[in-house]
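# Observations on the three-dimensional arrangement
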Amino acid sequence: MNDDLVNKSGLIFMKVGLHAQESIEDIIKRKQGEFEKTGMIFWGYGGNTCHPLTMVQPFAKEVEASGNQVLIVMQKMSSKHAAPPEIAKEYSDDGVNWKPVPSGIEVRGSRYAMILDELQIQEKEYELDLGQLQVGVGPNRGRRGDQYVAGRVDKGCFIHTPQQLLDIPNKRVVAPIGLIARVKAPYAVLLK
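Each helix and strand in the chain was counted, giving 4 helices and 10 strands. In sequence order, the chain lays out its α and β elements as α-β-α-β-α-β-β-β-β-β-β-α-β-β. Taking the principal axes of its C-alpha atoms as reference, the chain extends roughly 50 × 30 × 30 Å. Taking all contacts inside the chain whose residues are at least 6 apart in sequence as the whole, residues at least 24 apart take part in 80%.

Let us now look at the pattern of salt bridges. Within the structure shown, the criterion is met by 11 salt bridges. Residue D154 is joined to K155 by a salt bridge in which the shortest nitrogen-to-oxygen separation is 2.8 Å. In this structure D154 comes out as partly exposed when scored by relative accessible area, which is 22%. Here the salt bridges share partners, and the residues they tie into one network are E22, R30, K31, E34, E106 and R108.

Turning our attention to the environment of D94. Along the chain, D94 turns up in the loop between β4 (90–92) and β5 (99–100). Along the chain, D94 and A188 lie 94 residues apart, while their C-alpha atoms are 9.8 Å from each other. For D94, the side chain forms a polar contact with the main-chain nitrogen of N97, separated by 2.8 Å.

The next subject is the pairing of strand β10 (residues 174–191). Judged by how many residues are buried, β10 sits mostly within the fold: 13 of 18 residues are covered. Of the strand pairs in this sheet, strand β3 (residues 69–76) and β10 are connected by 4 bridges, and their pairing is antiparallel. Opposite I72, over in β10, you have A181 as the bridge partner. In this structure, β4 lies alongside β10, joined through 2 bridges in antiparallel fashion. Residue Y91 lies in a different strand from β10, and its bridge partner there is L191. Relative to β10, strand β6 (residues 112–116) runs antiparallel, the two being bridged by 4 bridges. Residue pairing in the sheet places A113 in a bridge with V189 of β10. Where strand β7 (residues 120–129) meets β10, 6 bridges bridge the pair, whose relative direction is antiparallel. Within β10, the position partnered with Q120 by the bridge is I180.

In this section: unusual backbone geometry. In this structure, P186 follows A185 across a cis peptide bond, with omega equal to 10 degrees. With a phi angle near 75 degrees, Y187 is a residue other than glycine that sits in the positive phi range. In this fold, Y187 is placed in strand β10.

A few words on helix α3 (residues 52–65). Buried within α3 we find P52, M55, V56, Q57, F59, A60 and V63. Buried residues along α3 cover an arc of 165 degrees about the axis, so they all sit on one side. Across α3 from its buried face, at more than 90 degrees, point the exposed residues T54 and A65. Where the residues of α3 are buried, they touch β1 (9–16), β2 (41–45), β3, β6, β9 (155–160) and β10. G67, located one to two residues past α3, shows a positive phi value of around 90 degrees.

Calculation notes
Residues numbered from 1 in each chain as written. Predicted model: local features only at pLDDT ≥ 70, side-chain atom pairs only at ≥ 80, totals over all residues. Heavy atoms only, no water. Helix = DSSP H or I, 4+ residues; strand = E, 2+ residues; numbered from the N terminus. Contact = heavy atoms within 4.5 Å. Salt bridge = Lys/Arg side-chain N within 4 Å of Asp/Glu carboxyl O. Buried < 20%, exposed > 50% of the residue type's maximum accessible area, 1.4 Å probe, protein only. Polar contact = N/O pair within 3.5 Å; in protein donor to acceptor, adjacent residues only side chain to side chain. Pairing = 2+ DSSP bridges. Arc of directions from axis to C-beta.

Right, dumping it as structure tokens:
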């Protein structure tokens, strides 16, 4: 990943790790297989900071309307998400109409899913300075990424704003990004 790509993209930042009793390595392998079979990935997650209908979809539509693309950038982390691996059977991009999860795709232990293109594994992790991100949607719009991603907040929708938001000289909060994918319409969905 290069800085030019980051500068021209809306970014959904997410910390990822053990999920529904499955290691991140196993999840990546399974998701790569799903992409080979179906041409897309449903990347499961939870949490309202990236609610599909109120956060991700409006953010992604605004970014794409400006002529840019939306990328998901993921930081691997230690996780203890050992919830039972309940498998989603249906999805909805509007909360009203539900469709079966496409054959060949499996989403475990998640309320929501991002819709992704091919998952790219970075051989050399990209250093993303969270202080140069700005929340791009919702009630925290405009807040610096390093102030937003703290405590229990582990994901969000951001615009890259290099140097514009730095008010603490020489203070960087860097997230090593090891996984990247393009987010594609309908961007994020509800699951059941």
